[in-house]
Amino acid sequence: PAATGSLRYTATGRGRPSAVPMSLSAILFLFLTHFGIGIAWTLPLVSRTAGVKFFRFNAGCAAVLLIIGWVFRPEVTVLGGVASSTVLLALAVVTGTLLIYWATIGRVLAALRPVLLWVGLIAGAVTLIAQGAAVGSSLAVASTTLAIASFLSSAALLGGSFTAMILGHWYLVLPSMDVSLLQSIVKFHIGSIIVRIVVTIAVVWIAIAGWEPGVGPNFQHYVLSSAGVFFWQRILFGLLGPSVLSYLTWETAKIRSTQSATGILYVDVFTVIVGELLAKYLHLSTSIPV
């Protein structure tokens, strides 16, 4: 079955023997790097009025996630080079710049911090693009493009949900903050959900529509089989759940109920994490970047 890595489905519907076994370390490596990079991406979206401690906390969380992800990195040969020298170099750059940013914010190097942050953000994007290209390197061009789009949208979704939750909690630290800060990051979170849904729909449609009889197993068969329960859990927890919860958060933020919005965002972050972990598992076990 696909879950064992013995058979994979490409975005063109063609099955092929798995080149490498799927491993827990590979799932965690992708998830943690996407999570950390996503948090870093959201730092420029928050006003400085949130305070030095907010940015220090989020930058520290992003750096810790990336360091843990580095520990779980798979062998260089795994996943067609998803942990290749290019990926690891870019990952080292984003981790290093975030650590310097975290250590200096509110202290020294005020003029250099924006440069450090943007270098880290660009390096993060390079990391995700290189990972997506590595995973899809032996597949069709469409699959490689979709893998890159999946990784970029995954990072945005993870980062947006986490930063929105932390910012909502920060109103307990700085009650005088304008509610527009929370509304702005929630807008970004909703936008990232929409993009993630569009990418997933495109991936599934191409995987099913591109299948040709006699060339391999149909992804539609996998989705409707007992093994497909992971796919439906991914849709429920990772897409439908955050869609509803982010809308509720937006409505509560509009009436300036920041505590209620934060409570909803705690649940939202949990559903996003579960959904993205399942997405990484499905991607590595079926080659479909849902």
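Residues numbered from 1 in each chain as written. Predicted model: local features only at pLDDT ≥ 70, side-chain atom pairs only at ≥ 80, totals over all residues. Heavy atoms only, no water.

## Regarding the overall build of the protein
Inference 1: Within the protein, the secondary structure is distributed over 9 helices and 2 strands.
Inference 2: Traced from its N-terminal end to its C-terminal end, the protein shows the element sequence β-β-α-α-α-α-α-α-α-α-α.
Inference 3: Expressed as a percentage of its 290 residues, the buried residues of the protein come to 54%.
Inference 4: When contacts within the protein are restricted to residue pairs at least 6 apart in sequence, long-range pairs at least 24 apart make up 77% of them.
Inference 5: Roughly 12100 Å² of accessible area belongs to the protein as shown, and the carbon and sulfur atoms make up 73% of that amount. (Helix = DSSP H or I, 4+ residues; strand = E, 2+ residues; numbered from the N terminus. Buried < 20%, exposed > 50% of the residue type's maximum accessible area, 1.4 Å probe, protein only. Contact = heavy atoms within 4.5 Å. Areas by Shrake-Rupley, 256 points an atom, 1.4 Å probe, with all protein chains shown as cover.)

## Comments concerning the packing of helix α1 (residues 24-42) against helix α3 (residues 85-104)
Inference 1: With their axes 11 Å apart at the nearest point, α1 and α3 run at an angle of 45° to one another. Between α1 and α3, the angle is such that the two are oblique. Of the two elements, α1 crosses α3, and the hand of that crossing is left-handed. Where α1 approaches α3, its residues Phe29, Thr33 and Ala40 are matched on the opposing element by Val87, Leu88, Leu91 and Leu98. (Axes fitted to C-alpha atoms, helices over the stretch in contact; angles between N-to-C directions. Parallel < 35°, antiparallel > 145°, perpendicular 65-115°, else oblique. Left-handed = near helix turned anticlockwise from the far one by under 90°.)

## Here's the deal with a nonpolar patch on the surface
Inference 1: Residues Val64, Ile67, Ile68, Val71, Phe72, Leu99 and Trp102 make up a contiguous nonpolar surface patch of roughly 590 Å² in combined accessible area.
Inference 2: Breaking the nonpolar patch down by element, the ones donating at least two residues are α2 (52-71) and α3.
Inference 3: In terms of residues, the nonpolar patch owes the most to one element, α2, which gives 4 residues.
Inference 4: Checked against the element boundaries, Val64 lands in helix α2.
Inference 5: For Val64, a relative accessible area of 46% translates into the label partly exposed. (Patch = residues over 30% accessible without salt bridge, like charges linked within 9 Å, V, L, I, M, F, W, Y side chains within 5 Å. Salt bridge = Lys/Arg side-chain N within 4 Å of Asp/Glu carboxyl O.)

## Regarding the confidence of the model for the protein
For residues with low pLDDT, the predicted coordinates do not support detailed interpretation.
Inference 1: For the protein, the mean per-residue pLDDT works out to 85, and 84% of the residues sit at or above 70.
Inference 2: At the level of individual helices and strands, the protein shows its lowest average pLDDT in strand β2 (residues 15-16), which scores 42, and its highest in α2, which scores 95.
Inference 3: Taken as a whole, residues 1-7 scores under 50 in pLDDT and shows 16 contacts with residues more than four places along the chain or in a different chain.
Inference 4: Every residue in residues 10-21 is under pLDDT 50, and counting partners more than four places away or in other chains gives 40 contacts. (pLDDT = per-residue confidence, 0-100.)

## Description of the environment of Arg56
Inference 1: Along the chain, the position of Arg56 falls in helix α2.
Inference 2: A C-alpha to C-alpha distance of 6.6 Å links Arg56 and Ile105, two positions 49 residues apart in sequence.
Inference 3: Every residue in contact with Arg56, bar those within four places of it in the chain, is listed here: Trp102, Ile105, Gly106 and Arg107.

## So, the packing of helix α6 (residues 180-209) against helix α9 (residues 258-286)
Inference 1: Where α6 contacts α9, the two axes come as close as 13 Å, and the packing angle between them is 25°. Taken together, the axis directions place α6 and α9 in an arrangement best described as roughly parallel. Handedness of the α6/α9 crossing: left-handed. Across the interface between the two elements, Leu182, His189 and Arg196 of α6 pack against Thr258, Ala261, Leu265, Asp268, Val272, Glu276, Ala279 and Lys280 of α9.
Inference 2: Across the contact of α6 with α9, the residue classes break down as 5 nonpolar, 2 polar and 4 charged. (Nonpolar A, V, L, I, M, F, W, Y, C, P; charged D, E, K, R; others polar.)

## Section: the pattern of salt bridges
Inference 1: This model, assessed by the stated rule, comprises 4 salt bridges.
Inference 2: Across the pair Lys254 and Glu251 runs a salt bridge, and its minimum N-O distance is 3.4 Å. Here Lys254 pairs with Glu251, and both are found in helix α8 (residues 229-254), just 3 residues apart, close to one helical turn.
Inference 3: Under the relative-accessibility criterion, Lys254 is labelled partly exposed at 42%.
Inference 4: Look at Glu251 and you get partly exposed, because its relative accessible area is 29%.
Inference 5: Here Lys280 ties to Glu276 by a salt bridge, and the two come within 3.3 Å at their closest N and O atoms. Placement of the pair is Lys280 and Glu276 together in helix α9, with a separation of 4 residues, close to one helical turn.
Inference 6: Residue classification places Lys280 among the buried residues on the basis of a relative accessible area of 2%.
Inference 7: With relative accessibility at 0%, the residue Glu276 sits in the buried group.
Inference 8: Salt bridges linked by common partners bring Arg196, Arg234, Glu276 and Lys280 together as one network.

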